Amino acid sequence: MHSEDYDQDHAEASPVSIKILIAGGFGAGKTTLVSSISEIRPLRTEETLSEPGILVDDVEGVEAKSTTTVAMDFGRITIRDDLVVYLFGTPGQHRFWFMWDELALGALGAIVIADTRRLADSFPSVDYFERSGMPFVVAVNCFEGAKMFRPEAVRTALDLDGGVPVVLCDARQRASCRDVLVTLVEYAIQMLDDADAVPAG
Amino acid sequence: MLLEPEQVQVLRLCRRPTPVADLASDLDLPVGVVRILLSDMRERGLITIGKPVRTGLADPRVLKDVADALRRL
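Report follows, based on the coordinates.

1. Let's talk about the interface of chain A and chain B
Accessible area lost when the parts come together is the quantity often used to give the size of an interface. Counting from both sides, the interface comprises 34 residues of chain A and, opposite them, 32 residues of chain B. Put simply, the parts of the chain that give the side of chain A that touches chain B at least two residues each are strand 1 (16-24), strand 2 (39-48), strand 3 (67-80), strand 4 (83-89) and helix 6 (174-197) of chain A. Top contributing element to the side of chain A that touches chain B by residue count: helix 6 of chain A, with 9 residues.

2. Here we look at the packing of helix 6 of chain A against helix 5 (residues 60-71) of chain B
Running from N to C, helix 6 of chain A and helix 5 of chain B cross one another at 165°; their axes reach a closest spacing of 9 Å. Viewed along their axes, helix 6 of chain A and helix 5 of chain B adopt a mutual orientation that is roughly antiparallel. Pair helix 6 of chain A / helix 5 of chain B crosses with left-handed handedness. The segment helix 6 of chain A lies against helix 5 of chain B, with Arg178, Leu181, Val182, Val185, Glu186, Ala188, Ile189, Leu192 and Asp193 of chain A engaging Pro60, Leu63, Lys64, Val66, Ala67, Leu70 and Arg71 of chain B. Classifying every residue of the contact of helix 6 of chain A with helix 5 of chain B gives 11 nonpolar, no polar and 5 charged.

What counts, and where the lines are drawn
Residues numbered from 1 in each chain as written. Chains lettered and ligands numbered in written order. Predicted model: local features only at pLDDT ≥ 70, side-chain atom pairs only at ≥ 80, totals over all residues. Contact = placed C-beta atoms within 7 Å. Helix = DSSP H or I, 4+ residues; strand = E, 2+ residues; numbered from the N terminus. Axes fitted to C-alpha atoms, helices over the stretch in contact; angles between N-to-C directions. Parallel < 35°, antiparallel > 145°, perpendicular 65-115°, else oblique. Left-handed = near helix turned anticlockwise from the far one by under 90°. Nonpolar A, V, L, I, M, F, W, Y, C, P; charged D, E, K, R; others polar.

Have a look at this one:
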């Protein structure tokens, strides 16, 4: 957003909000993770209909309609009155990817949930966050019945940079989701420290 | 000029600075619709729109606070 989108005189100090994105393929466990760890809230957003969307959304008789409503995973964790963590589930389908840049604005980092049965589904998310330079961690959701993978095997399969943390998790378990969030925040701190350590120029 | 019922609700919800996503969720309206309501209200001087506080992203101390608080969840 441009600075003129904001008002100068802002009487009361705003609370600090930390935004974390939850990405991953369709059905990888994004909704489960958000609801395990946060106070989940309904959030709808209006999006432009793409051609494939028109086939799905029946707009016959309302030809002027060019948007559709999309439900997003949205959760909040209130740490203190003046400090709140927001979780935004990024849309899994290709047709909503144009939303990502807006969602990514000002985010602290991202969690990419990977399902080892469909590891390739997480490639686009990994690609996106690698290009954006945003800190992200890969959380391998250990579904019942799915073959257990070692984190190192997942790192190799996804061709991740050495520093990107890969953790196993169970998206249904609050403690497990909490550990993933802590890993991400610690990684973001480490990236800040590393950036400070490099001389400017 | 009269306010829409949703705008009255916005005034009630915005006694403290409130993220747009929270408003959209509380009002059960799509984010795009809430933006339009807010834009009208801002033109009439009823609300101000503040820049999101970004200090947390640049300040390791805030992030360490967040990590500690998350560990206690």
